[in-house]
Amino acid sequence: MPKETFRPGSILSGQVFTLDEHTLSYKNAYGKMATVPRSAIQTVVIDTKGRGKSILKIIGQGTELAKIELPNPWATKTQAWLIEKLGL
């Protein structure tokens, strides 16, 4: 599988998700990062935080593998992209 990159808020937002055959990686413009083994991901859910923000949660084996705060529309776009690419 080739490396795929997704920018939910366009290139200017600085939010980048990268999916390759082994890992899902996230990095934002301020240096926050997360890396999760692709094989450990079971589902992706969104929790509303309020005032236009949501928390995208990567879940595996009943455990939160990563929590990423994003604007609501970006969280929704990212969840849809991950569900499609991971076949969840």
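Here the structure is a predicted model, which is why all the values come from computation and not from measurement. (Residues numbered from 1 in each chain as written. Predicted model: local features only at pLDDT ≥ 70, side-chain atom pairs only at ≥ 80, totals over all residues. Heavy atoms only, no water.)

> Just checking my understanding: could you explain the nonpolar core for this structure?
The tendency in soluble globular proteins is for nonpolar side chains to be buried as a group. Judged by nonpolar contacts, the single largest core of 18 residues is most densely connected at Phe 17, Leu 24, Ile 41, Leu 56, Ile 58, Leu 70 and Leu 82. With residues near it in sequence (within four places) discarded, Leu 56 still touches Phe 17, Val 44, Val 45, Ile 46, Ala 66, Lys 67, Ile 68, Leu 70, Ala 75, Thr 78, Gln 79 and Leu 82. (Core = buried A, V, L, I, M, F, W, Y, C linked by side-chain atoms within 4.5 Å. Buried < 20%, exposed > 50% of the residue type's maximum accessible area, 1.4 Å probe, protein only. Contact = heavy atoms within 4.5 Å.)

> What exactly am I supposed to notice about empty space enclosed by the protein here?
Space left empty within the atom packing is revealed by a probe, the size of a water molecule, rolled over the atoms. Per the counting criterion, the structure on display carries 1 cavity of 30 Å³ or more. Roughly 40 Å³ of internal volume is contained in the largest cavity. Elements with a contribution of two residues or more to the lining of the largest cavity: strand 3 (23-27), strand 4 (33-37) and strand 7 (63-71). (1 Å grid on protein atoms, 1.4 Å probe; cavity = no way out; pocket = protein on both sides within 12 Å on 5 of 7 lines; lining within 4 Å. Points joined across faces, edges and corners; volume = space filled by probe spheres on them. Helix = DSSP H or I, 4+ residues; strand = E, 2+ residues; numbered from the N terminus.)

> Sorry, what's going on with unusual backbone geometry here?
Outside of glycine, negative phi angles account for most residues, and trans bonds account for most peptide bonds. At Arg 51, a position not held by glycine, the phi torsion is positive, near 50°. With respect to the helices and strands, the residue Arg 51 is situated in the loop between strand 5 (43-50) and strand 6 (53-60). Positive phi outside glycine occurs at Gln 61, with the angle close to 55°. Checked against the element boundaries, Gln 61 lands in the loop between strand 6 and strand 7. On the basis of relative accessibility, which here comes to 67%, the residue Gln 61 falls in the exposed class.

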